[in-house]
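Analysis of the macromolecular model
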Amino acid sequence: MPTLLRSCFLWLSFLLAACLWSSAVQAGGTLRVLAWAGYADPDIVKTFEQRTGAKVEVSYIDTDEALWARISKNQAGDFDVFAVNTAELQRYIQTALVVPINLRAITNTQRQLPRFQALAKIPGIVHGEKVFAIPYTYAEMGLIYDRKQIKTPPTSLKALWDPRYQGKVLLYNGGSHSFSLAAQALGSTTPFALPTAQWEGAVEQLIALRRNALTFYTQLDDSVHWFQSRKAALLFANYGSQQFKQLQAAGLDVGYAIPKEGALAWLDCWVITRSAKNLALAEAWINYTLEDGPGKVLLDRQGLANTTAPSPYLRPEDKLIWLEPVENVERRNQLWNRIVSGDRASKVLAP
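**A closer look at the overall build of the protein chain**
In terms of regular secondary structure, the protein chain is built from 13 helices and 15 strands. C-alpha extents for the protein chain along the principal axes are approximately 90 × 45 × 30 Å. Taking all contacts inside the protein chain whose residues are at least 6 apart in sequence as the whole, residues at least 24 apart take part in 77%. For the protein chain, the accessible area works out to roughly 16,900 Å², and carbon and sulfur atoms hold 54% of it. Positive and negative side-chain charges of the protein chain, numbering 36 and 31 respectively, have mean locations separated by a distance of 2 Å.

**Points about the pairing of strand β8 (residues 143-146)**
Covered by surrounding structure in β8 are L143 and Y145 together with I144 and D146, the residues of both alternating faces. Pairing analysis gives 3 bridges linking β8 to strand β11 (residues 234-236), with the strands arranged antiparallel. Bridge pairing links Y145 to L234 in β11. Note that β8 and strand β12 (residues 254-257) share 4 bridges and pair antiparallel. Its bridge partner lying in β12, Y145 is registered against G255.

**Here's the deal with the nonpolar core**
Among the nonpolar cores identified, the biggest contains 118 residues, and Y39, F179, W270 and W285 are the most heavily contacted of them. It is strand β13 (residues 263-273) that provides the largest number of residues to this core, a total of 9 residues.

**Points about the environment of V98**
Looking at the secondary structure, you find V98 in strand β4 (residues 98-99). Once residues lying within four places of it in the same chain are set aside, the contact partners of V98 are F82, L89, Y92, I93, F132, V271, I272, T273 and R274.

**Thoughts on the side chain of D268**
Take D268: it is sitting in strand β13. Buried D268, no salt bridge; nearest opposite-charge side chain is R91, N-O distance 12 Å.

**Concerning the pattern of salt bridges**
Tallied over the full model, the rule gives 14 salt bridges. We note a salt bridge from D43 to R301, for which the minimum N-O separation is 2.5 Å. Note that D43 is positioned in helix α2 (residues 42-52) and R301 in helix α11 (residues 292-302), a separation of 258 residues in sequence. Accessibility expressed as a relative area gives 36% for D43, which makes it partly exposed. We note a salt bridge from D292 to R111, for which the minimum N-O separation is 2.4 Å.

**A look at the packing of helix α6 (residues 175-185) against helix α12 (residues 329-341)**
For the pair α6 and α12, interaxial distance at closest approach is 8 Å and the crossing angle is 85 degrees. By the angle between their axes, α6 is roughly perpendicular relative to α12. Counted together, G175, S176, S178, F179 and S180 of α6 and V329, R332, N333, L335, W336 and I339 of α12 form the full contact between these two elements. Of the residues assigned to the contact of α6 with α12, the class counts are 5 nonpolar, 5 polar and 1 charged.

Rules and cut-offs
- Residues numbered from 1 in each chain as written.
- Predicted model: local features only at pLDDT ≥ 70, side-chain atom pairs only at ≥ 80, totals over all residues.
- Heavy atoms only, no water.
- Helix = DSSP H or I, 4+ residues; strand = E, 2+ residues; numbered from the N terminus.
- Contact = heavy atoms within 4.5 Å.
- Areas by Shrake-Rupley, 256 points an atom, 1.4 Å probe, with all protein chains shown as cover.
- Lys, Arg positive; Asp, Glu negative; His and termini not counted.
- Charge placed at Lys NZ, Arg CZ, Asp CG, Glu CD.
- Buried < 20%, exposed > 50% of the residue type's maximum accessible area, 1.4 Å probe, protein only.
- Pairing = 2+ DSSP bridges.
- Core = buried A, V, L, I, M, F, W, Y, C linked by side-chain atoms within 4.5 Å.
- Salt bridge = Lys/Arg side-chain N within 4 Å of Asp/Glu carboxyl O.
- Axes fitted to C-alpha atoms, helices over the stretch in contact; angles between N-to-C directions.
- Parallel < 35°, antiparallel > 145°, perpendicular 65-115°, else oblique.
- Nonpolar A, V, L, I, M, F, W, Y, C, P; charged D, E, K, R; others polar.

Honestly, that's just the spatial picture; any functional story needs more than this.
Given below as structure tokens:
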């Protein structure tokens with residue numbers, strides 16, 4: 001009997017080894033990743049390569065438009081997997097540049113927080129009962145304030161319009177987010193879809209906000225530099241906790257608050273392109289990034305929350321409003337540029 005058991009054990013061991021070897025062979029090859037800085041650091045990539053025997057080629061982008069240009073250039077033929085926020089994701093789905101994801105292959109989704117497992121409740125991820133993206137990291141657009149100038153944490157977005165901070169508010173230079181912000185301040189429950197009757201009010205609101213502006217930023221590093229050098233009192237944090245971490249690292253005494261109206265929030269997800277050469281390897285990459293190691297790197301190095309552990313920057317009662325495509329990007333940007341240039345409401349709204 002012991003001999004028989006030993007034989008069975010050896011046979012099972014052989015089968016297991018064969019399966020593992022087969023998996024390693026299938027996972028070999030090259031994985032082409034397009035990501036934002038901090039999403040695929042060299043040490044994270046190295047661990048994945050050692051596990052799979054694959055080679056990972058990482059390319060980086062710094063704007064949504066740059067991402068679109070890289071993916072759409074050759075019908076997604078240059079990359080296998082990339083990271084994109086849920087609002088931007090829609091045009092990749094509509095143009096069939098990405099494919100549905102097999103959730104059974106991404107077992108680490110079971111490690112995600114409940115809000116990120118409920119994919120159907122996140123706008124834009126599920127289409128026709130098919131899942132097109134796996135949440136990876138996110139940031140809420142909260143309010144960062146100088147504790148020396150603002151003693152009590154702001155509780156509302158309306159703090160951005162407070163006359164006490166005239167000339168001391170640092171704002172993000174973007175039409176889409178700015179009009180959503182104005183809609184929130186006006187009490188709208190649909191900040192991404194402004195009805196015709198609300199455009200004039202939103203423009204007036206943003207003109208009033210312009211009067212409080214110290215200046216406008218687009219890049220994270222610029223916001224940190226200007227907050228420090230120009231002694232800003234309040235910052236609308238398009239990059240959220242990432243900005244907060246960098247400002248702290250710069251030695252500034254800052255606080256971070258989520259407004260009672262809720263914070264606009266972007267959610268970056270991994271998606272797989274229609275031209276992925278090794279689907280199993282792309283799935284393995286997504287699954288790997290949901291482990292503790294990559295998630296800790298996001299938090300420690302970037303100040304970004306991951307989807308498997310509670311964010312240290314949020315309270316349970318804080319409300320996040322995931323970004324969605326807006327009703328008219330071109331119009332929002334056109335009107336916003338007129339507002340920033342100093343035009344009156346009548347001129348801003350002119351055809």
